Amino acid sequence: MITVKDTVHDHIEIDGVAADLVDTPALQRLRHVKQLGTVQPVYPSANHTRFEHSLGVYHLASRALDHLGIEGKRADRIEAAAMLHDVGHGPFSHNLESLTHRRTGKYHDDVDELLATGAVGEVLRDHGLDPDRIADIVAGEGPYAGLVAGELDVDRMDYLVRDAYHTGVPYGTIDTERFVRELTFVERGEVADGGESAATDGDTPDRRAPELVLDEGNVQTAESLLLARALMNPVVYTHHVARISKAMLRRAASELLDATATTAAELRRMDDHDFLAAIRDCPGTAELSRRYDERDLYKLAVWAEYDDVPERVHEADRAAETALEREIAAEAGVARDHVILDVPPEPTMRESTARVTVNGEIRRLERQSPLVSALRTAQRNQWRLGVYAPAPATDRVGRAAADVLGLNPDGLVTEVRGAMPTTLDEFE
């Protein structure tokens, strides 16, 4: 058994297959991948990594399995998946994932090859575990996978409390102990809301998995997870400086792939240090690298609200966004690489589909909680389209972007606060 002192969960005891996985190269690489990517320029203490997060997810999964009475190979599979759930992340975590997905067709949870080969594959097979089954759980498929990759998963529980701790922002704090105590599985046939009925023995991969739900009287427990995520979003995850940094690194990654022999598959296996070294050494990305290293970041030329952005821009794919960037740069009379258009995905709230037990009936949280509707409205109100440029060019780029994108020029940049707390009245 291995015992690790953790900032969030105090002592974490690791044994079995998870203990043997800890020292594999795939897990150790995560020591050099920051959990929050480009949030660190905003919150200097946010230096925690995907490695310690993986230990936390394993810890919460193990506690939940003990509570649920799940043992043997079934528990081993869940614990292995919890420990390995982030090994597919590339440098700076999610920040470059859209780029690598376009070029490889793989997201961070597509880990079949990573788990089947090398030291990880050897450890899993030594413990009598099929790497393909573990990869399915990481991808949210198979019996009991919802514990690791679902709406109420231990991944979400750990990253919220861990991110809140390391940024000093109090809104991600949730009662993880109560969460793992109140989780339960029900057969699909017991699930209300029109779900299809299907029995499962919990071990047959081709049958539908049991549903992970919160037990009776825990609507507020589920709401606390949703509220924590909603409050952390504007203050930490989508802070404008973090988004500008992310967009600049994404541009640098794209140019690195175009200018060198580096492939997207190789990029996915880099850690943060590898990637920063690569863009420093590439002439075509050296300036973006310098700006990131010295925090000489691009500035806001446009920061537009959801309803002020035309539908054609919301629906633009990456090729269309690139064409719009070129058009904005030409109209503003600046170099093409001095304009970055950042169109976030449509607002979503996956947690709202979590299942809770109310009066003996399993219901979706969105059906039971009036808070869901309010938070969806807040999420849409917090959405912003960004156009970024070097400081001397922001006015010209902003006016050109308003013309090209069809925006109201009077509302190009709304008020942007620094790293200030979000309060509940902002959600009214």
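Please refer to the structure higher up on the page.
Residues numbered from 1 in each chain as written. Predicted model: local features only at pLDDT ≥ 70, side-chain atom pairs only at ≥ 80, totals over all residues. Heavy atoms only, no water.

*Asks:* What is the right way to look at unusual backbone geometry in this model?
*Replies:* Trans is the prevailing form of peptide bonds, just as negative phi is the prevailing case for residues other than glycine. With a phi close to 60°, Phe 92 is a non-glycine residue in the positive phi region. The exposure class assigned to Phe 92 is buried, which follows from its relative accessible area of 3%. (Buried < 20%, exposed > 50% of the residue type's maximum accessible area, 1.4 Å probe, protein only.)

*Asks:* Please explain the packing of aromatic side chains as it appears in this structure.
*Replies:* The geometry of two aromatic rings is summed up by the distance between their centres and the angle between their planes. The full count for this structure, using the stated rule, is five aromatic pairs. Between the aromatic rings of Tyr 144 and Phe 185, the centroid separation amounts to 4.4 Å while the plane-to-plane angle is 85°, which identifies the pairing as edge-to-face. Highlighted residues: Tyr 144 in the loop between helix 8 (131–138) and helix 9 (154–167) and Phe 185 in strand 3 (residues 183–186), separated in sequence by 41 residues. Taking 6.2 Å as the distance between ring centres and 85° as the angle between the ring planes, the aromatic pair formed by Tyr 159 and Tyr 237 counts as edge-to-face. In this pair, Tyr 159 sits in helix 9 while Tyr 237 sits in helix 11 (residues 219–237), placing the two residues 78 residues apart along the sequence. In this structure an aromatic cluster arises from ring pairing among Phe 92, Phe 275 and Tyr 292. In this structure, Arg 31 is placed above the aromatic ring of Phe 51, and the distance from its NZ or CZ to the ring centre is 4.1 Å. (Phe/Tyr/Trp six-rings, centres within 6.5 Å; stacked < 30°, edge-to-face > 60°. Helix = DSSP H or I, 4+ residues; strand = E, 2+ residues; numbered from the N terminus. Lys NZ or Arg CZ within 6 Å of the ring centre and 35° of its normal.)

*Asks:* Looking at this structure, how should I read the pattern of salt bridges?
*Replies:* Side-chain pairs of opposite charge can arise whenever the charged atoms involved come near each other. Throughout the structure, instances matching the rule amount to 27 salt bridges. Asp 10 serves as the salt-bridge partner of Lys 5, at 2.9 Å between the closest nitrogen and oxygen. Among the residues examined, Lys 5 registers a relative accessible area of 57% and is labelled exposed. For Asp 10, a relative accessible area of 39% gives the class partly exposed. Residues Asp 258 and Arg 103 are paired through a salt bridge, measuring 3.2 Å at the closest nitrogen-oxygen approach. Taken as a pair, Asp 258 in helix 12 (residues 240–259) and Arg 103 in helix 5 (residues 97–104) lie far apart in primary sequence, 155 residues in all. Overall, Arg 103 belongs to the partly exposed group, its relative accessible area being 40%. Taken together, the shared-partner salt bridges connect Arg 251, Arg 318, Glu 321, Glu 325 and Arg 336 into one network. (Salt bridge = Lys/Arg side-chain N within 4 Å of Asp/Glu carboxyl O.)

*Asks:* Mind showing me how you'd approach the pairing of strand 1 (residues 2–6) here?
*Replies:* Along any regular strand, the residues point their side chains to alternate faces of the sheet. As paired strands, strand 1 and strand 2 (residues 10–14) are joined by five bridges and run antiparallel to one another. Its bridge partner being in strand 2, Asp 6 is matched across the sheet by Asp 10. Between strand 1 and strand 2, which pair antiparallel in sequence order, lie three residues. (Pairing = 2+ DSSP bridges.)

*Asks:* It is not clear to me how the sheet that holds strand 4 (residues 211–214) should be interpreted in this structure. Could you clarify?
*Replies:* Strand pairing in a sheet is mediated by backbone hydrogen bonds. Such pairs are either parallel or antiparallel. If you walk across this open sheet you meet the four strands as 3-4-7-8, and the pairing is mixed. Of all the strands in the sheet, just strand 3 and strand 8 (361–364) have a single pairing partner and so form its edges. Neighbouring strand axes in the sheet, compared pairwise and without regard to direction, differ in orientation by 45° on average. Looking at chain direction, strand 4 and strand 7 (residues 355–358) are connected through two bridges and run parallel. By the bridge assignment for strand 7, Leu 214 is matched with Val 356. (Axes fitted to C-alpha atoms, helices over the stretch in contact; angles between N-to-C directions.)

*Asks:* Looking at this model, I keep getting lost on the side chain of Arg 243. Mind explaining?
*Replies:* Along the chain, Arg 243 falls in helix 12. When residues no more than four places from it in sequence are discounted, the contact partners of Arg 243 are Thr 238, Trp 303, Asp 342, Pro 344, Arg 384, Leu 385, Gly 386 and Tyr 388. (Contact = heavy atoms within 4.5 Å.)

Scope: geometric values only; no functional claims are made or implied.
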